[in-house]
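Here is what each chain is made of, one letter per residue.
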Amino acid sequence: MKKKAISHRRPSWDEYFLEMSALVAKRSTCLRRSVGAVIVREKRILATGYNGAPSGLKHCVEIGCIRQKLKIPSGERHELCRALHAEQNALIQACLHGISVKGATLYATTQPCVICAKMLINAGIKEIVIAGGYPDKMALSFLSQAKIKIRKI
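Worth saying up front: this structure is predicted, and the values here are computed from it rather than measured. (Residues numbered from 1 in each chain as written. Predicted model: local features only at pLDDT ≥ 70, side-chain atom pairs only at ≥ 80, totals over all residues. Heavy atoms only, no water.)

### Digging into the overall build of the protein chain
Right, so step 1: From N to C terminus, the protein chain includes six helices and five strands.
Right, so step 2: Overall, the protein chain shows an N-to-C arrangement of helices and strands of α-β-β-α-α-α-β-α-β-α-β.
Right, so step 3: Across its three principal directions, the C-alpha atoms of the protein chain cover 65 × 35 × 30 Å.
Right, so step 4: Per-residue burial over the protein chain gives 39% buried out of 153 residues.
Right, so step 5: Relative to all contacts within the protein chain whose residues are 6 or more apart in sequence, the contacts with residues 24 or more apart total 54%.
Right, so step 6: Total accessible area on the protein chain stands at roughly 9,600 Å², and carbon and sulfur atoms take up 56% of it.
Right, so step 7: For the protein chain, the distance from the average site of its 26 positive side-chain charges to the average site of its 10 negative ones is 4 Å. (Helix = DSSP H or I, 4+ residues; strand = E, 2+ residues; numbered from the N terminus. Buried < 20%, exposed > 50% of the residue type's maximum accessible area, 1.4 Å probe, protein only. Contact = heavy atoms within 4.5 Å. Areas by Shrake-Rupley, 256 points an atom, 1.4 Å probe, with all protein chains shown as cover. Lys, Arg positive; Asp, Glu negative; His and termini not counted. Charge placed at Lys NZ, Arg CZ, Asp CG, Glu CD.)

Okay, here's the thing in C-alpha cells:
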C-alpha cells in the first residue's frame, strides 16, 4: 500500500523569520504594543528581542504605563517609557554574547523608530524586513540615507 504524500507549503525564509519575530513579541510586557525582533545572518538566528523593562525592573504589566497615563501618542517621546524596544534588546543580547551583527538582517513585527534606526545603522544591519508600519518618517529617512533596505511583507 502506497502512502499518500502530504501536501503543504513551506514558508519562505522571510515568512519564517517574520513568524519567529511574532512569536518573540508574545514575551512583550508593554501594555500598548507587543513588538518582536529577530536578527539573522545566513539563515541563522543570531539574537532575539522583545519590548519590555530592563532586567530586574518591574514591567508595565505590573505597575502600569506612564505613556498611557500621560496620553503620549505612539511614535513620540520615547524617553518617557520604562521599556527598551525589541530591536534594542536584540542588539544588546547579541552584544552580551559577543555576536557581531554586521551584515545581518533584522526581522521585526513593526518598523523601527528613529532611535532604533540609528542603533541598527551603527551596528551594521544591512536590511530590515517588517510586518507592519510605525508613525516615524524620520526613521525611514535615516535608514534610506544609510542605504539600508526595508521590505514590508
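### Some details on the pairing of strand β4 (residues 127-130)
Right, so step 1: Burial of β4 is two-sided: the residues Glu 127 and Val 129 facing one way and the residues Ile 128 and Ile 130 facing the other way are all buried.
Right, so step 2: Relative to β4, strand β3 (residues 105-108) runs parallel, the two sharing four bridges. Looking at β4, one finds that Thr 105 is bridged to Glu 127.
Right, so step 3: Regarding the hand of the β-α-β motif, the stretch spanning β3, helix α5 (residues 114-123) and β4 is right-handed.
Right, so step 4: With four bridges connecting them, β4 and strand β5 (residues 149-152) associate as parallel partners. (Pairing = 2+ DSSP bridges. Right-handed = clockwise from strand over helix to strand, strands pointing away.)

### Observations concerning the packing of aromatic side chains
Right, so step 1: Per the stated rule, a full pass over the model turns up four aromatic pairs.
Right, so step 2: Ring plane angle 85 degrees and centroid distance 5.8 Å describe the contact between Trp 13 and Tyr 16, whose orientation is recorded as edge-to-face. Here the residue Trp 13 and the residue Tyr 16 both occupy positions in helix α1 (residues 13-25), the gap between them amounting to three residues, near one helical turn.
Right, so step 3: Exposure remark for Tyr 16: the relative accessible area of 36% places this residue in the partly exposed category.
Right, so step 4: Their ring planes at 20 degrees and their centres at 5.7 Å tell us that Trp 13 and Phe 17 sit as a pair that is stacked. Taken together, the residues Trp 13 and Phe 17, both in helix α1 and four residues apart, mark about one turn of the helix.
Right, so step 5: For Trp 13, a relative accessible area of 40% corresponds to the partly exposed category.
Right, so step 6: Classification of Phe 17 as buried rests on a relative accessible area of 2%.
Right, so step 7: Taken together, the aromatic side chains of Trp 13, Tyr 16, Phe 17 and Tyr 107 make up a single cluster linked through ring pairs. (Phe/Tyr/Trp six-rings, centres within 6.5 Å; stacked < 30°, edge-to-face > 60°.)

### Here we look at unusual backbone geometry
Right, so step 1: One non-glycine residue, Lys 43, lies in the positive phi region at around 65 degrees.
Right, so step 2: Within the secondary structure, Lys 43 sits in the loop between β1 (36-41) and β2 (44-50).
Right, so step 3: Relative accessible area serves as the criterion here: at 44%, Lys 43 is assigned to the partly exposed category.
Right, so step 4: In this structure, Arg 77 is a non-glycine residue whose phi angle is positive, near 50 degrees.
Right, so step 5: Within the secondary structure, Arg 77 sits in the loop between α3 (66-69) and α4 (86-96).

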